[in-house]
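Structure at a glance
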Amino acid sequence: MSEFIKGYTLRPARPADIPAILGLMRDLAAFEKLEHIFSATPESLRNSFFADEPSAYCLVITPEDQPDTPISYIMWFYNYSSFLDRRGIYLEDLYIDPAHRKQGLGAAVLRHLAKLAVEQGCGRFEWVVLDWNKNAIDFYEHQGAQILHDWRVARVTGEALQRLAEGRPAPATA
């Protein structure tokens, strides 16, 4: 890809970027206080991004003068809306190394993915944001995103996922 924001390039991730992406992902997990669930590995990312049918897509931002040094990763995948009867783009991660923030990179990434969604006929572009991350919430609202306060993420992982798959009831809560 060509210049993205003055001094930076946005491009699809390459297998050689995996170590840098993994490091950036660990930084994001630490920021979000989720290191305890972090389990990505170079092999798992290679399978996720570069399989014949990828689970997710990954872009990186590099400084123009360091094209092999990702300073940001953007992970997204397609989802689907039954009511719109169209697929959408779901942004899983947008992480920019703190030394490269406040330069318009985040807004440019959102524009890039929104343009991709429009070009591909997607019905929506969405993501979640932690309720305590006021800076991110303010940034996203400034970009035109609507924070959906009436919706809650429902998630089943780990032992609870195994229990649900086996039809065993969840433990009683107090």
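Residues numbered from 1 in each chain as written. Predicted model: local features only at pLDDT ≥ 70, side-chain atom pairs only at ≥ 80, totals over all residues. Heavy atoms only, no water.

**Some remarks on the pattern of salt bridges**
- Within the structure shown, the criterion is met by 7 salt bridges.
- Linking D68 and R14 is a salt bridge whose minimum nitrogen-to-oxygen distance equals 2.9 Å. One end of the pair, D68, is in the loop between β3 (57-63) and β4 (72-81); the other, R14, is in the loop between β2 (8-12) and α1 (18-31), with 54 residues separating them in the sequence.
- With a shortest N-O distance of 4.0 Å, K115 and E119 are connected by a salt bridge. Of this pair, K115 and E119 both sit in helix α3 (residues 105-119), 4 residues apart, which is roughly one turn of the helix. (Salt bridge = Lys/Arg side-chain N within 4 Å of Asp/Glu carboxyl O. Helix = DSSP H or I, 4+ residues; strand = E, 2+ residues; numbered from the N terminus.)

**Some details on the side chain of H100**
- Tracing the backbone through its elements, the reader meets H100 in the loop between β5 (86-96) and α3.
- The residues contacting H100, other than those within four sequence positions of it, are Y8, P63, I71 and L105. (Contact = heavy atoms within 4.5 Å.)

**Quick notes on the packing of aromatic side chains**
- Enumeration according to the criterion identifies 9 aromatic pairs in this entry.
- Seen in terms of ring centroids, F49 and F50 are 6.1 Å apart; in terms of plane orientation they differ by 90 degrees. Their pairing is edge-to-face.
- Of the residues examined, F50 reaches a relative accessible area of 31% and is grouped as partly exposed.
- Through a chain of ring-to-ring contacts, three or more aromatic side chains come together here, namely F125, W127, F139 and Y140.
- The residue whose ring lies beneath K33 is W132, and the NZ or CZ to ring-centre distance is 4.4 Å.
- R87 extends its terminal NZ or CZ atom over the ring of Y78, reaching a point 3.7 Å from the ring centre. (Phe/Tyr/Trp six-rings, centres within 6.5 Å; stacked < 30°, edge-to-face > 60°. Buried < 20%, exposed > 50% of the residue type's maximum accessible area, 1.4 Å probe, protein only. Lys NZ or Arg CZ within 6 Å of the ring centre and 35° of its normal.)

**Observations concerning unusual backbone geometry**
- Look at D85: it is not a glycine, yet its phi comes out positive at around 55 degrees.
- Tracing the backbone through its elements, the reader meets D85 in the loop between β4 and β5.

**Overview of the nonpolar core**
- Ranked by internal contacts, the top residues of the largest apolar core, which has 24 residues, are F4, I61, I74, L105 and L113.
- Per-element accounting of this core gives the leading share, 7 residues, to α3.
- When neighbours within four sequence positions are excluded, I74 is seen to be in contact with L10, Y57, C58, L59, I61, L91, D93, L94, V109 and L113.
- Counting 16 residues, the second largest nonpolar core, distinct from the first, contains A13, L22, L24 and A40. (Core = buried A, V, L, I, M, F, W, Y, C linked by side-chain atoms within 4.5 Å.)

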